[in-house]
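# Coordinate analysis (summary)
Each chain, written out:
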Amino acid sequence: MPEPTFARRPLGPGGPVVPPLGLGSWNTWDRMTPEAAVGMIRRAVAADAGFFDVAYYNMGPHAENSKTDIRFGEALRASGVDRGDVFLCGKLWLWDWPAQGFRGQLEESMARAGIDRFDAVVVGDYVAAPDMDRLVADVNELIADGLFGTWGINNWVIDDTHRALDAAAAAGVVPPSFAQLKYGIARRAMAEGEPYGRLLRDGVLGLQASDAFEGGVLLGRMPERRIGADVGGIRQRIADAAPEVAHIAAAFEATPAQLAIAFCLANPATANVLFGASRPGQLEENLGALALAAARGEEVREALAHLRLDETVSADGRWTPPAS
């Protein structure tokens, strides 16, 4: 039976064309057996989900002594998958920058995963008002050295995103080409509101949708592991909406996870959707979203239009209510 297909999109202007689905690494690869991890990589690549977000979680709020990146690297090598068939996206953290330089972070991350380069990096988590000229220069120094080719930002306040774009233009270097934003059925303030929405619609940035399941809460689960921040304090509202999401999914003969991914992919600005999967069955289920998005994406968005729950969250990325 042929795999469901969904056209690849560029990861922002001039960026590489990437798979529509991507696998995150926070609390995932270190929760699998080695055999399951190898199978997950092989299946993802075969199904055009060979985008892997690989981060070293051991600084700032993520000082967890995690080995998820090490386990991923081991599985990638054991899988026999060709390096050219996967897209690897790393993370550069701002918490200790510039005291801890980006180069040192990246070299440590590559050494732990056993790779010699990434294809892209995301600079995050957000820390207010960094020295933007220096940040853009430091990122571009690593690009010039061939350690990755493109970069994006992660949930930044919009003012600093504009500063990064302006600094890159002034210096004639590579600007951020995509934004990794919290985006999904319930959370739409940043990706669909102004002013990020304008940058996405105008093709200045591509969108990588992250946390589309709200750590599983949107799917009716209350995970014990750590999940992303509850910006705006709306998580209970999202949990309360889970039964309705399941009801709408059933009308599409889909699962809530498939519905959530298809919702994101039906937005033309979305380059890909990043999700966590620690069991092969989760990946297999989520792959079904590709056919749903391709065939009925607009219907999905119409059916879910009333379930935006973050009206009280600022569209500019600040963790405060919008101005009245």
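The structure under discussion appears in the preceding block.
Keep in mind that what you see is a predicted model, and the values were worked out from it rather than measured.

If you tally the helices and strands in the protein, you get ten helices and ten strands. A compact globule built from 324 residues should have a C-alpha radius of gyration of about 20 Å, and the protein, at 19 Å, falls within 12% of that. By its C-alpha atoms, the protein is 55 × 50 × 35 Å across when sized along the principal axes. For the protein, the proportion of its 324 residues judged to be buried stands at 56%. Expressed as a percentage of contacts within the protein between residues at least 6 apart in sequence, the contacts between residues at least 24 apart total 78%. Total accessible area computed for the protein in this model is approximately 13200 Å², and 53% of it derives from carbon and sulfur atoms. In the protein, the 30 positive side-chain charges and the 42 negative ones have mean positions that sit 2 Å from each other.

Let's shift gears to the nonpolar core. Counting 97 residues, the largest nonpolar core has Phe52, Leu135, Phe148, Trp151, Trp156 and Leu259 as its most contacted members. Among the elements that take part in this core, helix H9 (residues 256–265) stands out by supplying eight residues, more than any other. Once you skip the residues sitting within four places of it in the chain, Leu135 turns out to touch Leu94, Trp97, Phe102, Val123, Pro130, Trp151 and Trp156. Grouped together as the second largest cluster of nonpolar side chains are nine residues, Leu11, Val18, Phe87 and Ala120 included.

Attention now goes to the pairing of strand E7 (residues 150–154). Summarising burial for E7: five of the five residues are buried, a large majority. Residues Thr150, Gly152 and Asn154 of E7 are buried on one face, and the alternating residues Trp151 and Ile153, pointing to the opposite face, are buried as well. Where strand E6 (residues 120–124) meets E7, four bridges bridge the pair, whose relative direction is parallel. Across the sheet, the residue bridging to Val122 is Gly152, located in E7.

Turning our eyes to something else, we now look at the sheet that holds strand E10 (residues 270–275). Spatial ordering of the closed barrel is given by E3-E4-E5-E6-E7-E8-E9-E10, a layout of eight strands whose pairing is parallel. When the angles between neighbouring strand axes are averaged without regard to direction, this sheet yields 30°. Lying on the sheet, helix H3 (residues 102–113) is in contact with strand E5 (87–93) and E6; it crosses E5 at an angle near 135°.

Between H9 and helix H10 (residues 280–303), the least distance of the axes is 7 Å, while the angle of their chain directions is 55°. Looking at the two axes, H9 sits oblique to H10. As H9 packs across H10, the resulting crossing turns out to be right-handed. Contact residues: Ala257, Gln258, Leu259, Ile261, Ala262, Phe263 and Leu265 in H9; Glu285, Asn286, Gly288, Ala289, Leu290, Leu292, Ala293, Val300 and Arg301 in H10. Tallied by class, the residues present in the contact of H9 with H10 amount to eleven nonpolar, three polar and two charged.

Counting through the fold element by element, Trp156 comes out in the loop between E7 and helix H5 (158–171). Along the sequence, Trp156 and Val123 sit 33 residues apart, while their C-alpha atoms lie 9.1 Å from each other. A distance of 3.1 Å separates the side chain of Trp156 from the backbone oxygen of Val123, its partner in a polar contact.

Per the stated rule, a full pass over the model turns up zero disulfides. The structure places no disulfide on Cys89, whose sulfur is separated from the nearest cysteine sulfur, that of Cys264, by 17 Å. Judged by relative accessible area, Cys264 falls into the buried class, the value being 0%.

Moving on: the packing of helix H1 (residues 34–46) against H10. Pairs of packed helices are described in terms of their axes, by the angle between the two and the distance that separates them. The interhelical angle for the contact between H1 and H10, taken along N-to-C directions, is 15°, at an axis separation of 9 Å. One way to sum up the angle between H1 and H10 is to call them roughly parallel. Classified by chirality, the crossing of H10 by H1 is right-handed. Side by side, H1 and H10 meet where Ala36, Met40, Arg43 and Ala44 of the first sit next to Pro280, Leu283, Glu284 and Leu287 of the second. Residues that form the contact of H1 with H10 fall into these classes: six nonpolar, no polar and two charged.

Rules behind the numbers
Residues numbered from 1 in each chain as written. Predicted model: local features only at pLDDT ≥ 70, side-chain atom pairs only at ≥ 80, totals over all residues. Heavy atoms only, no water. Helix = DSSP H or I, 4+ residues; strand = E, 2+ residues; numbered from the N terminus. Rg over C-alpha atoms; globule rule 2.2 N^0.38 Å. Buried < 20%, exposed > 50% of the residue type's maximum accessible area, 1.4 Å probe, protein only. Contact = heavy atoms within 4.5 Å. Areas by Shrake-Rupley, 256 points an atom, 1.4 Å probe, with all protein chains shown as cover. Lys, Arg positive; Asp, Glu negative; His and termini not counted. Charge placed at Lys NZ, Arg CZ, Asp CG, Glu CD. Core = buried A, V, L, I, M, F, W, Y, C linked by side-chain atoms within 4.5 Å. Pairing = 2+ DSSP bridges. Axes fitted to C-alpha atoms, helices over the stretch in contact; angles between N-to-C directions. Parallel < 35°, antiparallel > 145°, perpendicular 65-115°, else oblique. Left-handed = near helix turned anticlockwise from the far one by under 90°. Nonpolar A, V, L, I, M, F, W, Y, C, P; charged D, E, K, R; others polar. Polar contact = N/O pair within 3.5 Å; in protein donor to acceptor, adjacent residues only side chain to side chain. Disulfide = S-S within 2.5 Å.

In short, shape yes, function no, at least from these values alone.
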